[in-house]
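Commentary on secondary and tertiary structure
Listed below are the residues making up each chain.
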Amino acid sequence: MSAPSDPRTMGTVVDSRRERLRRLGPWLVLGLTLAVLCVLPFEMRPYHREMTMVFFINLIMVTSYRLITTTGDWSFAHIVLMGAGAYGAALIAKHAGLPFGVVVPMAGIVAALVGAAFIVPLLRTAGFGFFIASFAFGELVRLIWVKVQFPFGGARGIINIPSPEILGLKLGSSIPYYFTCFIVALISLTILYRIDKSRMGNAWKAIHGDEMLAECVGINVAHHRSFAFITGAFFAGIAGGLLAFHMGAIDPRNFDLTQMVYLIIWVVVGGAVTFWGPIIGLIVVTIAFEWTRPLLEWRPLMFGAILILFLIFLPGGLESLLPKIGPTLCRSPVEQLARVRRWLTTFVART
Amino acid sequence: MALLETKGLSKHFGGLKAVSDLDLSVEEGEIRGIIGPNGAGKTTLFNVISGTYKPTSGEVFLNGERISGLRPSRIAAKGGVRTFQRTALFKDFTVLQNVSIARHLLANESLLGAVFGTARRMEKAHEARALEILEFIGLADIKNELSHNLPHGHQRALGVAMALATEPRLLMLDEPVAGMNPQETARMTELIRKLRDEWKITILLVEHDMRTVMGLCEYITVLNFGHKLTEGAPKEIVSNQEVIEAYLGSDNILEDDGFAS
Amino acid sequence: MDSATLIQTLLNSVVASSIYALVAVGLALAFGVMKMANFAHGEFFMVGAYCVYVLYGLLGLPFPLAVVLAVPIVALLGLLTERFIFRPTRRNVLAGFMATAGLAFVLQVAAGRIWGVGIAKGVPTPYAGTAEIGDANLGWQRLIIIPCAFAMLLALRYFLYRTKFGKALRACAQDPEIAALQGIRINRMTALAMALAGASAGLAGALMAPILPVTPYIGHGVVLIAFIVVIVGGMASIEGAIIAAVLLGFIHTFVTTLADNLIATMVGVVFMAVTLILRPKGIMGRERA
C-alpha cells in the first residue's frame, strides 16, 4: 500500500533528489548498521560481545511481542513462551541429541504449541482481561517447571545443555555464536517485518482499530488473533532456544514476572505503533541498564519509575518523538522558545 | 427462492424480547425497508442476521443456506454484509486502505504468502477493484486521506464502500442517512438505488428518515416490540392504522417528518 | 481425610475465602469504576503487612491498633496511586495497568531497601493458642480473620448501598457519563474507589502479617490469586468477586491440604481457564443488549 505522497516534495528537481535520499536513507542506515555489527565482535571485549548476543535474542523478543500487540492483545505470557522454547530446546538437545540447526526451529514449534494452548481460553478475554489471564497461564507453566523434577529439573532447572554445533562446526565459543544469534535475529526480524507490512499485518491492525467492523468485513477475528499470538509465540520460542544454548543452563527464574515487566518497559519506552519503536526502546533501555549496573538493587525501582513516567508523559514512546524532531530542528529560535514555554505550561497544568 | 429468509427468529436479553418469532423473506433484487418505533428491535434484528449476536431461537437462511449461528466473517463470505449505525471505519488507515482491508476475504492470504509477498499481482487487482468501488461511491479523489479526517457524509459513504469491497449479494444498511444533510441524503439514496439497479445487490435497510424509506423501498416491514406488525408497499404502510398507532404511542416520527399530513 | 482434618480444612477454607474476598473486592471495585486495573494490588497487601510489622512488631503497639492504623495508611497509598497514576492514564486501561506494574517494582524495592530483602520478617503471634472445634485445632490468630473480614465486607456493603457516597460510586460504576451528568464528580469517585481498594487490601495484609513470612515479594502470589478471583467473578462485579473468592478459597485450601500449595495455585489457574471457556463473562456475567 502506497504512502500518501507529501505535496511539499513534489515538482522541482531538488525535491526529487531529496525524495530519493529520503527513500534510500533508511536502507543506507540499515546497511551500515549491519556492516558494523559484522565487524564489531572482533573488536569487542568478551563481556560486551555477550551483551550484544543477548541483545540480538531480546531483539527477537520485542519484535515478536509487538507483532502480537498489533491486534490489541497485550500478553503477559511472552517471556514464559520464550521459556517454553528454552526448555524445549534444552530437553531436545540433551535427550534426543539432535543438532542445533534442528533444535532451534523445534524450540519455536514447542513455544507455538504452548501458545496455541493458551490462546483458546484467552480468546474469551480482551484488553485488561487478556493481560491478567495470560499472566495467570504463564504462572501455571512456570509453576509446572518449579514443581516437576523430571524432566524440568524443578526450581534448579536444567544444566549442562550441550554446546551448539552445525555440521561439525563448534558454535559454543563466543564469536561463532555471536554470528549465529546475529543471523537468526536478522532472519526473524525480516520475516516479522514482512508479516507486519503484509495484508495480514494490516488485518491485525484493523482488529485493534475496530474489532466488530473487522469481523463484519470478513476478517475472522478469533482466527487472526490466534494466528498473531501463535506466530509471536513461535519467535519467542526461537529466542528461547538461542538463550538456552547461550547460557548452558536455565531455570524457572529466567522467565519470571520481572523479565516480563522489562519486556514491557522496552516496548513502552520505544512505542509499539511502528516496527522500529520497540527496537529503539530496547536499545535505549539496554544502554541505560548497563549504566546503572553499580546501582543493582535500585534498578527495578528506577525502571519501574521510568515505566510509569513514560506511560504518563510520553504514552506513544520514543518513536512518537521522531516525526516531531525533524521539523523542530528546522524552526526559528523564537518559535523554539515559544514551544518550550507552551510545553512547560502544559506540564505545570498537568502536575 | 428468497435470498434472505428468517424463520421464527428470536433474540432475548434476559427477560427482554428484542426480536420475537420473526418470519421475514426478502427476494433477490429487492430494496427492503425495516421500520418501527425506537426499541422495536430493528438493530437487534440486523445484529442477529449479520451474526454479531447468536439468535436465542429460530433460523436465518441466505440463498437457501443456513447462516444463523455463524460468525459475521463467515456470513460475509457467504455474501451477507452489514454497515453500522455508528460511524465505523479504521481511522488510522487511509480511505483506500480501508477499502483494501475489506477485500480480506477475497485475498485469502496465507502466512507464507505474507512473508514472501507472492500475492503481489493479486494485490494489484484488489487495489484496482478498490479504486473502482471508490470511484463508484465518489471518494476516489480523496483515496489517500486518513479516514478520520473526512466529513461525516464521506465517512458514512466509506462505510458502504467497505461493505461493497466484500462483493456482497445482500447489503444490510443500518440507518445509512442518519445525521446527513439533505444533499448528502439525496446522494446516498441515489447510490443505494444504483447499487441495486446496476450492481444487482439486494438491499435491506433500517432507517428512521421516513422520506428516504418511503422513496426508496418497494416493500416495507414494520416491527414493534420485536414482533412483525405488518408488511406492505409504502402506500399501504402509511395508511395502516396499526402502524400509525404504534408510532403515536412512541416518538411520533411520522408526524415529525411531516409524513402523515 | 478424617473428620478432624476435614473440619480443620473447612475452617481454613473459610479463612482463605475471607482474605481472598477482601483482596479481590478492592480490585473489582476499582476496575468497576473507570476501569482502573491495579497490578500493584498485591503490593498494597504487602505494605499492609509491613505496617503491622513496624507498628506491632517493632514499635510494640497493640495488635488491633496496628491493624486499624494499617488500613488508612494503605488507603492513602491507594489515593496517591489514583491521583498520580490512574488519573493521568485514564484514556487507556492498559497504560494504567502497566504503570502499576512499574509501581509494584517501586514498592518492592522500597520495602526491600528499608527493611531488607533476605530474611522474612517474623511478626510475633499476638493471639497464641488454639480453639478446639470438634476434633480440630485452629489457631486463634487465623480465626479472628473471619469476623474482621466479615465486618469489613459488611461495612463496605452498607457504604455502597446505604450511603449517598456509596450510591454515587455504584452509579459511576454503571455508567460514568450518566453519573457525571447527574452531578457526580468522577475524580472524587475514582479516588474513593482506590482508597477503598487500598483499605481492603491493606486490612487483608495486616491481618495476615503474623501468619505469613513478611517479605517484599509476598504481593506476587496474592495478586495472582486476586486476578483469578476477579476473572472468575466477572471482572467488575463485587458480588461475583466474593462468590469467586469463596470458591477459590475452598478449592485452594482443599488442594493444598491434599497435595501442596503449588499444585493448588495451578488448579486455580485451570479453574479460571475452564470458567473462561464455559462462561466468558464470569460466573455472574450476563449478555447485554
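Residues numbered from 1 in each chain as written. Chains lettered and ligands numbered in written order. Predicted model: local features only at pLDDT ≥ 70, side-chain atom pairs only at ≥ 80, totals over all residues.

In this section: the overall build of chain C. Helix and strand counts for chain C stand at twelve helices and two strands. In sequence order, chain C lays out its α and β elements as α-α-α-α-β-β-α-α-α-α-α-α-α-α. In terms of overall size, chain C behaves like a compact globule, its C-alpha atoms giving a radius of gyration of 19 Å where 289 residues would be expected to give roughly 19 Å. Expressed as lengths along the three principal axes of its C-alpha atoms, the size of chain C is roughly 60 × 45 × 35 Å. Considering chain C as a whole, with its 289 residues, one finds that 53% of them fall into the buried category. Pairs at least 24 apart in sequence give 76% of the contacts found in chain C among residues at least 6 apart. (Helix = DSSP H or I, 4+ residues; strand = E, 2+ residues; numbered from the N terminus. Rg over C-alpha atoms; globule rule 2.2 N^0.38 Å. Buried ≥ 20, exposed ≤ 12 C-beta atoms within 10 Å, placed from the backbone. Contact = placed C-beta atoms within 7 Å.)

Attention shifts here to the overall build of chain A. Assigned secondary structure in chain A consists of 14 helices and two strands. Its C-alpha radius of gyration of 22 Å places chain A within 12% of the 20 Å reference for a compact globule of 351 residues. Taken over the C-alpha atoms alone, chain A extends approximately 70 × 50 × 40 Å along its principal axes.

So, about the sheet that holds strand β9 (residues 219-224) of chain B. Residues and elements named next belong to chain B. With respect to topology, six strands assemble into an open sheet ordered β6-β7-β8-β3-β9-β10, the strand pairing being mixed. The outermost strands of the open sheet, each flanked by one partner alone, are β6 (80-82) and β10 (227-232). Pairwise comparison of adjacent strand axes, ignoring direction, gives a mean angle of 20° for this sheet. This element, helix α1 (residues 42-50), spans β3 (31-35), β6, β7 (170-174), β8 (202-206) and β9 of the sheet and lies at about 150° to β7. (Pairing = 2+ DSSP bridges. Axes fitted to C-alpha atoms, helices over the stretch in contact; angles between N-to-C directions.)

With that out of the way, let us pick up the sheet that holds strand β4 (residues 57-62) of chain B. All names here are of chain B. In space, the four strands of this open sheet follow the order β2-β1-β4-β5, with antiparallel pairing throughout. Strand pairing shows two members of the sheet lacking a second neighbour, β2 (16-26) and β5 (65-66), which therefore form its edges. The pairing of strand β1 (residues 4-13) with β2 spans seven bridges and is classified as antiparallel. Directly across from His-12, in β2, lies its bridge partner Lys-17.

What follows deals with the confidence of the model for chain C. Predicted confidence across chain C gives a mean pLDDT of 89, with 98% of residues reaching 70 or more. Both confidence scores are given for the complex: pTM 0.88, ipTM 0.89. (pLDDT = per-residue confidence, 0-100.)

A few words now on the nonpolar core. Counting 284 residues, the largest nonpolar core has Ala161(B), Ala24(C), Val52(C) and Val229(C) as the members making the most contacts within it. With sequence-adjacent residues up to four places away left out, Ala161(B) is seen in contact with Val99(B), Ile133(B), Leu134(B), Ile137(B) and Leu139(B). (Core = buried A, V, L, I, M, F, W, Y, C linked by C-beta atoms within 7 Å.)

Here we come to the packing of helix α5 (residues 128-147) of chain A against helix α10 (residues 218-233) of chain C. Between two packed helices, what matters for the description is the angle formed by their axes and the separation of those axes. Running from N to C, α5(A) and α10(C) point in directions that differ by 125°, and their axes come no closer than 10 Å. The angle between α5(A) and α10(C) falls in the class oblique. Here α5(A) runs over α10(C); the crossing is left-handed. Contact with α5(A), carried on its side by Gly129(A), Ile132(A), Ala133(A), Phe135(A), Ala136(A) and Glu139(A), involves Leu224(C), Phe227(C), Ile228(C) and Ile231(C) of α10(C) and no other residues of that element. (Parallel < 35°, antiparallel > 145°, perpendicular 65-115°, else oblique. Left-handed = near helix turned anticlockwise from the far one by under 90°.)

All names here are of chain A. It is the contact of helix α3 (residues 78-96) with α5, at a shortest axis distance of 9 Å, that shows an interaxial angle of 35°. For the pair α3 and α5, the sense of crossing is left-handed. Here Val-80, Ala-84 and Tyr-87 of α3 lie close against α5, whose contacting residues are Gly-138, Val-141, Arg-142 and Trp-145. Looking at the contact of α3 with α5 residue by residue, the classes come out as five nonpolar, one polar and one charged. (Nonpolar A, V, L, I, M, F, W, Y, C, P; charged D, E, K, R; others polar.)

Interface size, as often reported, equals the accessible area lost upon joining of the parts. Listed by partner, the interface residues are 36 residues for chain C and 36 residues for chain A. Examining the composition of the side of chain C that touches chain A, we find that 15 residues originate from one element, helix α4 (residues 93-115) of chain C, more than from any other. Of the residues in the side of chain C that touches chain A, the class split is 29 nonpolar, six polar and one charged.

All names here are of chain C. Tracing the backbone shows Ile-263 in helix α12 (residues 261-278). The class of Ile-263 is partly exposed, set by 16 C-beta atoms lying within 10 Å. Distance from Ile-263 to His-252, taken between C-alpha atoms, is 8.8 Å for residues eleven residues apart in sequence.

Below, the discussion takes up α10(C). Because each turn of an α-helix spans 3.6 residues, side chains separated by three or four positions end up pointing in the same direction. Residues and elements named next belong to chain C. Compared with the 22 Å implied by 1.5 Å per residue over 16 residues, the 23 Å span of α10 between its first and last C-alpha is a close match. Counting buried positions along α10 gives 14 out of 16 residues, so the element sits mostly inside the fold. One or two positions beyond α10, positive phi appears at Gly-234, with a value near 95°. (Expected span 1.5 Å × (residues − 1).)

Residue and element names in this part refer to chain A. Compared with the 27 Å implied by 1.5 Å per residue over 19 residues, the 26 Å span of α3 between its first and last C-alpha is a close match. Here α3 lies mainly inside the structure; 15 of its 19 residues are buried. Backbone geometry just downstream of α3 places Gly-97 in the positive-phi region, at approximately 65°.

Attention now goes to the confidence of the model for chain A. Note that predicted coordinates carrying low pLDDT should not be read in detail. All names here are of chain A. The predicted model of chain A averages 87 in pLDDT, with 90% of residues at 70 or higher. Highest mean pLDDT in chain A belongs to helix α9 (residues 221-247) (96); lowest belongs to helix α13 (residues 322-330) (63). Low pLDDT, under 50, characterises residues 1-11; the stretch is placed with nine contacts to residues that sit more than four places away or in other chains.

To continue, consider the pairing of β10(B). Consecutive residues of a regular strand have side chains that alternate between opposite faces of the sheet. Residue and element names in this part refer to chain B. In the sheet, β9 pairs with β10 via five bridges, with the strands oriented antiparallel. Looking across to β10, one finds that Thr-221 is bridged to Glu-231. Counting the residues in the hairpin turn of β9 and β10 gives two residues, including Phe-225, whose phi is positive at 50°.

Further remarks concern the environment of Phe44(C). Residue and element names in this part refer to chain C. Positionally, Phe-44 belongs in helix α2 (residues 41-58). Residue Phe-44 is classed as buried on the basis of its 33 C-beta neighbours within 10 Å. The spatial distance from the C-alpha of Phe-44 to the C-alpha of Leu-27 is 11 Å, given a sequence separation of 17 residues. Aside from chain neighbours lying at most four places away, what touches Phe-44 is Val-74, Leu-77, Gly-78, Gly-198, Ala-201 and Gly-202.

Residues and elements named next belong to chain B. Along β9, five of the six residues are buried, which leaves the element largely enclosed by surrounding structure. Pairing between β3 and β9: four bridges, direction parallel. Opposite Ile-34, over in β9, you have Thr-221 as the bridge partner.

Glancing now at unusual backbone geometry. One can expect most non-glycine residues to show negative phi and most peptide bonds to be in trans. Between Phe150(A) and the following residue, Pro151(A), the backbone shows a cis peptide bond with an omega angle of 5°. Turning to its location among the elements, Pro151(A) is positioned in the loop between α5 and β1 (165-166). In this structure, Lys35(C) takes a positive phi of about 50° despite not being glycine. Classification of Lys35(C) as buried rests on a count of 21 C-beta atoms within 10 Å.

The next point concerns the environment of Gln97(B). The topology assignment puts Gln97(B) in helix α3 (residues 95-101). On a C-alpha basis, the gap between Gln97(B) and Gly232(B) in space is 40 Å, while along the polypeptide they are 135 residues apart.

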